[in-house]
Amino acid sequence: MAGKKRIIFHLDMDHFYTAVEEKEHPELKGRPVIVGAHPREGKGRGVVSTANYEARKFSVRSGIPISKAWKLCPQGVYLPVNMKLYVKVSNEIMNILRGYTDKFEQWGIDEAFLDVTSKVKDYTEAESLAQTIKKDVLEHEGLTCSIGISYNKLVAKIASDFQKPDGLTIVQEEDAERFLDPLPVRKLLGVGRKTGQFLESMGVKTIGDLSRYDPAVLVDRFGVMGTALYLMAHGIDNSEVEERTEIKSIGRDTTFQEDTNDFESVLQALDALCEDVYGDAQEQHVCFKTVTIRVRYENFETHTHGKTLPFIADRLQDLKKTARELIQPYLRVDRKIRLVGIRVSNFVSSLKQQKLV
Ligand code: TTP
Ligand code: MG
């Protein structure tokens, strides 16, 4: 849309889960804190959800195996994931932020976009508004955050990550190229490990490298994603800030304490996951049509297998029965299973359903 240039904020809480834990347990301040799976003295099998900045000094990061974290930082304080608490705090934060603009979009548990174009007249005013928001969140929640301010969501998001923690980074459109150029391509939304590695093998390390790449070759290699990559590398993103309340799917998975080919315990775990997912679906007032299971074998080979039911399901027994049916071909005596997961999607609101009856 041509017209007035937009001013967009992206706010991201600093080391969110551990920050919430530190607020709950002030005696932890200053110590390396890690939230994630149980470390079991280095034998734990899950991963790190997040680590505070003290723990990051020991190279502990989100996503690394908890056993590795234990080796890197045995003196750390290890805490389990208390999702209920983080969701509660997240909701409080999002409610504070919603007060600043009606063009709001939550993005994950600790991030949000705010379009403040109609609230400020220039970047100077935008900066003081961002300071006000940071102060508001700190006063009411006792937590710090980092804000990026820019002319679109893409650059605002990269800017919020630029100076963490407690950062405030402004990137105006005329400075975008200079800002983006030296950053690694993985800073771009949608460039994960695989795409990152593939780009690297093509000699593309930085966003600047990508912006200078022949767009025709990018399209050839990546299809539609190639065009998206090229536009992003040039700091182009016209997507709107808009609230997406609709959840698309609900899923849970579990990693076994030990890899197993004991079918009974796999099925029991699957039943328990079905109960959790079913509970979540009820809370969200949704019925589902599609059920998908995920199986990861001991060698990390992962399979997903789904089925769309011929009816709209709202009974736990339908979910359990379908899940068991879907997993059957993967239960093999010669293959040990590491992880199972279940996901439901293709929702219909159960509130609407009731009204129809
Ligand atoms: P992030 O905002 O990516 O990380 P963070 O808030 O812990 O740290 P930063 O200061 O760098 O923003 O993710 C928000 C929360 O999401 C994080 O606290 C824990 C959770 N999370 C996981 O559970 N697994 C993951 O792999 C990542 C990246 C995050
Ligand atoms: Mg964060």
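Residues numbered from 1 in each chain as written. Chains lettered and ligands numbered in written order. Predicted model: local features only at pLDDT ≥ 70, side-chain atom pairs only at ≥ 80, totals over all residues. Heavy atoms only, no water.

Here helix α10 (residues 215–222) starts with a cap whose side-chain oxygen sits 2.9 Å from the backbone nitrogen of alanine 216, and that cap is aspartate 214. Phi turns positive, to about 65°, at glycine 223, one or two residues after α10. (Polar contact = N/O pair within 3.5 Å; in protein donor to acceptor, adjacent residues only side chain to side chain. Helix = DSSP H or I, 4+ residues; strand = E, 2+ residues; numbered from the N terminus.)

To continue, consider the coordination of the magnesium ion (ligand 2). Distances from the magnesium ion (ligand 2) to its protein donors, Asp12 (OD), Met13 (O) and Asp110 (OD), fall at 2.0 to 2.2 Å. Relative to the metal, the 6 donor atoms surrounding the magnesium ion (ligand 2) lie at angles of 77 to 179°, and the coordination shape comes out octahedral. One chain supplies every donor for the magnesium ion (ligand 2), spaced along it as D-M-x96-D. One exposure class covers both aspartate 12 and methionine 13, and it is buried. (Donors = N, O, S within 2.8 Å, 3.2 Å for Na, K, Ca; no water. Tetrahedral: all angles 85-135°; square planar, octahedral: opposite > 155°, others 65-115°. Buried < 20%, exposed > 50% of the residue type's maximum accessible area, 1.4 Å probe, protein only.)

Taken as a whole, this structure holds 0 disulfides when the rule is applied. The closest cysteine sulfur to the non-disulfide-bonded cysteine 287 is located on cysteine 274, 16 Å from its own sulfur. (Disulfide = S-S within 2.5 Å.)

All right, on to the side chain of threonine 290 then. As for its placement among the helices and strands, threonine 290 is situated in strand β10 (residues 286–297). Judged by relative accessible area, which is 11%, threonine 290 ranks as buried. Only 3.0 Å separates the side chain of threonine 290 from the side chain of threonine 308, close enough to count as a polar contact. Leaving out residues up to four positions away in the same chain, threonine 290 has contacts with Lys307, Thr308, Arg343, Val344, Ser345 and Asn346. (Contact = heavy atoms within 4.5 Å.)

Domain boundaries assigned for the protein chain yield domain 1 (8–13 + 92–175), domain 2 (17–83), domain 3 (181–233) and domain 4 (249–356). Taking the mean C-alpha position of each, domain 3 and domain 4 sit 35 Å from one another. (Domains from an automatic or database assignment.)

What follows covers the confidence of the model for the protein chain. Across the protein chain, pLDDT averages 92, with 96% of residues at or above 70. Counting interchain partners and residues more than four positions distant, the pLDDT-below-50 stretch residues 352–357 has 3 contacts. (pLDDT = per-residue confidence, 0-100.)

In this section: the packing of aromatic side chains. Applying the stated rule across the entire model yields 6 aromatic pairs. Through a chain of ring-to-ring contacts, the aromatic side chains of Phe16, Tyr17 and Tyr86 assemble into a single cluster. A cation over a ring is seen here: lysine 153 above phenylalanine 113, with NZ or CZ 5.2 Å from the ring centre. Taking the ring centre of tyrosine 297 as reference, the NZ or CZ of arginine 335 above it sits at 4.0 Å. (Phe/Tyr/Trp six-rings, centres within 6.5 Å; stacked < 30°, edge-to-face > 60°. Lys NZ or Arg CZ within 6 Å of the ring centre and 35° of its normal.)

What follows deals with the layout of surface pockets. Of the volumes computed, that of the second largest pocket is approximately 720 Å³. Along its surface, the second largest pocket is lined by 27 residues, and Asp12, Arg56, Ser62, Glu111 and Asp161 are the ones closest to its centre. Contributing elements (two or more residues each) for the lining of the second largest pocket: β1 (8–13), α1 (16–24), β3 (48–51), α2 (53–56) and α6 (153–160). The leading source of residues in the lining of the second largest pocket is α6, at 5 residues. Considered class by class, the residues forming the lining of the second largest pocket number 9 nonpolar, 6 polar and 12 charged. (1 Å grid on protein atoms, 1.4 Å probe; cavity = no way out; pocket = protein on both sides within 12 Å on 5 of 7 lines; lining within 4 Å. Points joined across faces, edges and corners; volume = space filled by probe spheres on them. Nonpolar A, V, L, I, M, F, W, Y, C, P; charged D, E, K, R; others polar.)

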